[in-house]
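The lines below spell out each chain.
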Amino acid sequence: MVSIKRKKHYSFCRINSQYLQNKTIKHIENAAEKEVMRLVVNTTKKMQKEFGVDVGGFGNQLRIQYPNVWKNVKDNWDEKFSEIPITYDVSITIKDYGMIGSKKNK
């Protein structure tokens with residue numbers, strides 16, 4: 001399983017002198033989650049199907065968390081890695097934000 005959780009502070013440019021509303025923040029979080037998911041899925045598929053090697057350290061995590069399972073698969077891990085299903089969990093939260101840019105002249 002690939003789990004990515006980020007809580008981040010962001011600065012946004014002033015847009016028409018209006019601050020971002022909660023629904024806009026949620027929209028940005030959802031868009032960021034989709035893009036991170038797309039990048040991670042494409043990268044892991046490329047590792048598994050195109051290159052057939054575990055450059056992401058999945059085997060190392062398997063060795064640490066499930067040493068008995070690792071003993072059974074370590075000799076042909078790259079082959080096994082190219083076949084295993086991977087699940088993904090991406091969660092991005094904008095914790096707080098500030099505005100940058102000049103104030104609108106009245």
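The structure presented is a predicted model; accordingly, all values stated were derived computationally and were not measured.

Engineer: Would you take a moment to explain the overall build of the protein for this structure?
Structural biologist: Helices and strands together make up the secondary structure of the protein, namely four helices and two strands. Overall, the protein shows an N-to-C arrangement of helices and strands of β-α-α-α-α-β. Across the 106 residues that make up the protein, the buried fraction comes to 23%. Taking all contacts inside the protein whose residues are at least 6 apart in sequence as the whole, residues at least 24 apart take part in 79%.

Engineer: Looking at this structure, I do not really get the pattern of salt bridges. What am I missing?
Structural biologist: Once their charged atoms are close, side chains differing in charge can pair, the charge on each being opposite to the other. The full count for this structure, using the stated rule, is two salt bridges. E29 is paired through a salt bridge with K26; the nearest N and O atoms lie 3.5 Å apart. Note that E29 and K26 are positioned in helix α1 (residues 22-51) at a spacing of three residues, about one turn of the helix.

Engineer: Where do I start with the nonpolar core in this structure?
Structural biologist: Of all hydrophobic cores here, the largest spans eight residues; its members are M47, F58, L62, W70, V73, W77, F81 and I86. Looking at this core, the elements that each hand over two or more residues are α2 (58-65), α3 (67-73) and α4 (77-81). Other than its neighbours up to four places away in sequence, V73 contacts L62 and K80.

Engineer: How should the packing of aromatic side chains be read in this particular structure?
Structural biologist: Within the structure shown, the criterion is met by three aromatic pairs. Their ring planes at 65° and their centres at 5.6 Å tell us that W70 and W77 sit as a pair that is edge-to-face. Classification of W70 as buried rests on a relative accessible area of 16%. Here W77 falls in the buried class, since its relative accessible area comes to 10%. Pairing W77 with F81 gives two aromatic rings, centres 5.8 Å apart and planes at 45°, and the pair type is tilted.

Engineer: Can you help me understand the environment of T44 in this one?
Structural biologist: Examined against the element boundaries, T44 turns out to sit in helix α1. Note on T44: relative accessible area 4%, which makes it buried. Each C-alpha atom of the pair T44 and G56 lies 7.9 Å from the other, and the pair is 12 residues apart in sequence. Within the structure, the side chain of T44 is placed 3.1 Å from the backbone oxygen of V41, a separation counted as a polar contact.

Engineer: Where do I start with the environment of K95 in this structure?
Structural biologist: In this fold, K95 is placed in strand β2 (residues 88-100). On the accessibility criterion, K95 (58% relative accessible area) is exposed. Separated by 70 residues in sequence, K95 and I25 have C-alpha atoms that sit 9.7 Å apart.

Engineer: Please explain the side chain of T44 as it appears in this structure.
Structural biologist: In terms of polar contacts, T44 uses its side chain to reach the side chain of Y88, at 2.4 Å. Here T44 is in contact with F58, I86 and Y88, once residues within four sequence places are set aside.

Parameters at a glance
Residues numbered from 1 in each chain as written. Predicted model: local features only at pLDDT ≥ 70, side-chain atom pairs only at ≥ 80, totals over all residues. Heavy atoms only, no water. Helix = DSSP H or I, 4+ residues; strand = E, 2+ residues; numbered from the N terminus. Buried < 20%, exposed > 50% of the residue type's maximum accessible area, 1.4 Å probe, protein only. Contact = heavy atoms within 4.5 Å. Salt bridge = Lys/Arg side-chain N within 4 Å of Asp/Glu carboxyl O. Core = buried A, V, L, I, M, F, W, Y, C linked by side-chain atoms within 4.5 Å. Phe/Tyr/Trp six-rings, centres within 6.5 Å; stacked < 30°, edge-to-face > 60°. Polar contact = N/O pair within 3.5 Å; in protein donor to acceptor, adjacent residues only side chain to side chain.

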